[in-house]
Amino acid sequence: MLQTNQHNLFYMKILKLLFLFFIFSISNLLAQKIQSPEEFLGYRAGEQFTPHYRVLEYYKYLASASKNILIQEYGKSYEGRPLFLVFIASDQNIGRLEDIRKNNLALAGIMDGVSGHKNADIPASQPVLVWLSYNVHGNESVSTEASMHTAYALLNPLEQRSKTWLKNTMVIIDPCLNPDGRERYVNFYNSVKNLNPDPHPFSREHVEPWPGGRANHYYFDLNRDWAWQSQVESQQRLAVFNKWLPQVHVDFHEQGIDAPYYFAPAAEPYHQDISKWQRDFQTIIGKNNAKYFDQNGWMYFTRERFDLLYPSYGDTYPVYNGSVGMTYEQGGSGRAGLAVINAEGDTLTLKDRIEHHFTTGLSTVEAASNHSEKALFEFKSYFLNSRSSPSGEYKSYIIRGENTEKLKTLAVLLRRNGIDFGYGSAKGGQGLNYYTGRNENFKVERNDMVISAYQSKSVLLKVLFEPNTFVSDSATYDITAWSLPYAFGLQAYASKDALKPEFKGISEQVPVNSNIINPVAFIANWNSLSDVRFLADLLNSNIRVRYSEIPFETGGKRFNAGSLIIARSGNAHLGADFEKKVNELAKKSGITLQAIPSAFVDKGADLGSDKIRYIKKPKILLVGGESVSSLAFGEIWHFFEQQINYPLTVIRAQDLMRINWDEFDIMILPDGNYNDIGNDRMQQWVRAGGKLIAMEGAVSRLSEIKGFDIKIKEEVKKEDKAGNPYEDIRAYENRERESVRTNIPGAIYKVNLDNTHPLGFGFPDFYYTLKLDDKIYQYLSKGWNVGVIKKDNYVTGFVGAQVKKKLADGLIFGVQEMGNGSVVYLSDNPLFRSFWENGKLFFSNAVFMVGQ
């Protein structure tokens, strides 16, 4: 009996210990448990779109619940929404992010933002860096949803795979690159959706109103802005990106609702400087993605449509910076909503879309982890080769310093991209003159910019500056020409000689007669955007400004036609503050002023001549709305508000008949598909003194309307087919190739310019335009043919054979005088993506100079 009681007591103790162990284990598990997005947000994946503030709240919760995550806010959008990164790493790595970052840059030979340092050895503890970017297009809204599920899976303590991956991998997540665009889409959808999602693709919840949620606040496509960094979101993001330079980068997107899923490897054309490893690892990752898609029976495609050429995408920009950069495209986008029926009759749900992006995100992390040592080795080799043996025939680039204001703007762009440069060199050399297309001898002056190809960012430098980009496949996704000397309008040489700069900074010019007391006037040359900013500031400050119709010389300095004259006469209201105020505004704009003691000039027209014109402060109307390209509209809106700070009024095209036309001096019609423009009321307003600026599609529409002199140039009639009766017999499989013959995705042409006309002020007798279509117009019979293309004006970029024949001997830019007013025809876009820097002065001439 006693023995039985002892046994019972023993078993009771055992049971008690087991119970305590069970309670401890449960408590430990509960303590480790992290809430999933569903648990935190209160709804299942795919049931609704998550607003940006709730996304941020979830990531902050994760940071409070897990020791393996850190959040870094790197900026704010134009509308003030936070932009932030999420760092996910192992216990050993999460506390040493700065060491990991510096070690990674050292592999690239970069220290403190400057290349040229010896490439460091790879530390044994260095993780491979995988950067996942979501929702650069706002209405491709599944991406941000998928980011939360991906972060949760990587942090979930019960997920053993993630723990294994994070031993040698660090993941950087940008949950939403474009919060303003995404919120525009989410707010639209939530305001019109049915209680139960309506999957019919043409129901209201699947048709976004203008301008849609794809672009940012200023309607810029942020996925075309990586290299140019014209937008504040891009500038802030790339400043951080270039401080890390990951080995792998994925840009998550959506495409049309009828497409399945796309992942790398990419389609041709590949840029020729993409390395073998970058190509091979795309295939390795693609096959890993395919493994999981095959297991689930999900359809996908690779090696089609999405190429690797244009340098300002979220896949190509990282590639040209040493990463393995890729785009992943889920079917869906703004048409998809929560559920939509596609062309095959299947219903695509938000839940499906989340699952697909979630799967490729984790698959990419897995593949990087499995090849971490190779990825780090190849990353180091990429930059070592860049510094010691840069690709391509040109080893240095020399940009003439004659226009220091434009050169400074170029310098800002290069610094943002981490490209090293300097000024001056004791050596001269020989190189390709971008303007003439010939090899010529040159001498390097003190303020000439010198860029050596022997640097860590050598590949990106080559891509941005190469005179001609090799296009291996003409069926490309975007523009095929962007060379910066043409975009900036700066004379440059590409040299095979290895030149090095002697000076870090530019030598600032000291104005002649800068010590003049009580000057009659100040003169500012007119040749850059800085001068336009100065003019805008003067007009906003109610300072009267004039310009000269012809070039002139005074005080030993020559000034272009269009140069600004700020005379004491006419500005008496400034009193004793005249000089102080004008100089303050000049300093703010970064321009050099010339003070003159007399209105009597050495050559040209004196300041009292009728060749000196007063610049009226114009009231500007910008037309937007459903018939207008939102991208083209945004480029103009951003130009006025963010680049020159000049006020304008925005009105929808359908409201034009409701306004008081007499309140406005200028009306701008961006690219679009217009119906009711060019009517009698509009022409009456122009004749009364208004100025109409028509751009791209608006020019095409006006060419069809009586009263406007602009007319499309008729195509040359087809030659007699007698010599080739089988010309129209084509293989169906080649239909995409056949369409290329009539295609021009974006090529550079030289425009012959009448720089004596106000539209051409500040330019030589030519201008480089980015041609995006095959439109060319007849010469104006009742106006000024300011910018024309002749037979041999093609410069670089792909142009289909039929288009190349058509683009000859016609008008691109012109001005028609109509009564007391004028119509400015800009058939090409001088503000394209805000990176065509030289076009900004051209557009400003249309606004401020023409018709004065």
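Since the model is a prediction, treat every value here as computed from it, not as a measurement. Per-chain numbering applies: the sequence of each chain, read as written, is numbered from 1 onward. Local features in this predicted model are restricted to residues of pLDDT 70 or higher, and side-chain atom pairs are both shown and tallied only at a pLDDT of 80 or more, whereas totals for entire chains, interfaces and linings draw on every residue. The side-chain figures draw on all heavy atoms in the structure; neither hydrogens nor water molecules are used.

A. Up close: the pairing of strand S6 (residues 169-174). Any residue under 20% of the maximum accessible area for its type is buried, any over 50% is exposed, and the rest in between are partly exposed; the area is computed with a 1.4 Å probe on protein chains only. Per the convention used, a helix needs a DSSP run of H or I reaching at least four residues, while a strand needs a run of E reaching at least two, with both numbered from the N terminus. Counting buried residues along S6, six of its six residues qualify, which places the element largely inside the surrounding structure. By the alternation rule, side chains of S6 split into Thr169, Val171 and Ile173 and Met170, Ile172 and Asp174, which are all buried. Here the rule is simple: two strands pair whenever DSSP picks up at least two bridges between them. Here strand S2 (residues 82-88) runs beside S6; their pairing, made up of three bridges, is antiparallel. Residue pairing for S6: Ile88 is matched across the bridge by Val171. Looking at chain direction, strand S5 (residues 128-134) and S6 are connected through six bridges and run parallel. Considered in S6, the bridge of Val128 is made with Thr169.

B. Local environment of the environment of Gln48. The residue Gln48 is located in the loop between helix H2 (37-41) and helix H3 (52-65) in this model. Residues Gln48 and Glu73, spaced 25 residues apart in sequence, show a C-alpha to C-alpha distance of 26 Å. When checking whether two residues touch, look at their non-hydrogen atoms; a contact exists if any pair is within 4.5 Å. In contact with Gln48, not counting residues within four places along its chain, are Tyr43, Glu145, Lys193, Leu338 and Leu350.

C. Main features of the pattern of salt bridges. Put simply, a salt bridge is a Lys or Arg side-chain nitrogen that is within 4 Å of an Asp or Glu carboxyl oxygen. For the structure shown, the criterion picks out 39 salt bridges. The closest approach of N and O atoms between Arg161 and Glu159, which form a salt bridge, is 3.5 Å. In this structure, the salt-bridge partner of Asp828 is Lys771, at a minimum N-O distance of 2.9 Å. One end of the pair, Asp828, is in the loop between strand S37 (821-826) and helix H23 (837-849); the other, Lys771, is in strand S33 (residues 766-771), and 57 residues separate them in sequence.

D. Looking closely at the packing of aromatic side chains. Any two rings among Phe, Tyr and Trp, with Trp reduced to its six-membered ring, count as a pair given centres within 6.5 Å; such a pair is stacked if its planes are under 30 degrees apart, edge-to-face if over 60, and tilted if neither. What the rule picks out here adds up to 62 aromatic pairs. Ring centres of Tyr434 and Tyr486 lie 5.6 Å apart, and the angle between their planes is 70 degrees; this geometry places the pair in the edge-to-face category. Here the residue Tyr434 occupies a position in the loop between strand S17 (429-433) and strand S18 (439-442), and Tyr486 occupies one in helix H15 (residues 484-488), the gap between them amounting to 52 residues. For the pair Tyr434 and Tyr486, a shared accessibility class is recorded, and that class is buried. When the centroid spacing of 5.7 Å and the interplanar angle of 70 degrees are considered together, the rings of Phe766 and Tyr768 count as edge-to-face.

E. How the structure looks around unusual backbone geometry. Residues Ala264 and Pro265 are joined by a peptide bond in cis, for which omega reads 15 degrees. Positionally, Pro265 belongs in the loop between strand S8 (261-262) and strand S9 (267-270). The omega torsion across Glu268 and Pro269 is 10 degrees, close enough to zero to call that bond cis. Examined against the element boundaries, Pro269 turns out to sit in strand S9. At Asn135, a residue that is not glycine, the phi angle is positive and equals roughly 65 degrees. Considering the arrangement of structural elements, one finds Asn135 in the loop between S5 and helix H5 (142-155). Located in the positive-phi region is Asp809, a residue other than glycine, with phi close to 55 degrees. Here Asp809 lies in the loop between helix H22 (801-806) and strand S36 (810-818). Taking relative accessible area as the criterion, Asp809 reaches 26% and is therefore assigned partly exposed.

F. The sheet that holds strand S27 (residues 612-614), seen in detail. Spatial ordering of the open sheet is given by S26-S21-S25-S22-S27, a layout of five strands whose pairing is antiparallel. The sheet terminates laterally at strand S26 (594-596) and S27, the two strands that pair on one side only. Between one strand and the next, the sheet's axes are offset by a mean angle of 30 degrees, whatever the strand orientation. In this sheet, S26 lies alongside strand S21 (residues 521-524) in antiparallel orientation, the contact comprising three bridges. Among the inter-strand pairings, Phe522 is bridged to a residue of S26, identified as Ala595. Axis lines are fitted through C-alpha atoms, for helices just across the contact stretch, and the angle between N-to-C directions can take any value from 0 to 180 degrees.

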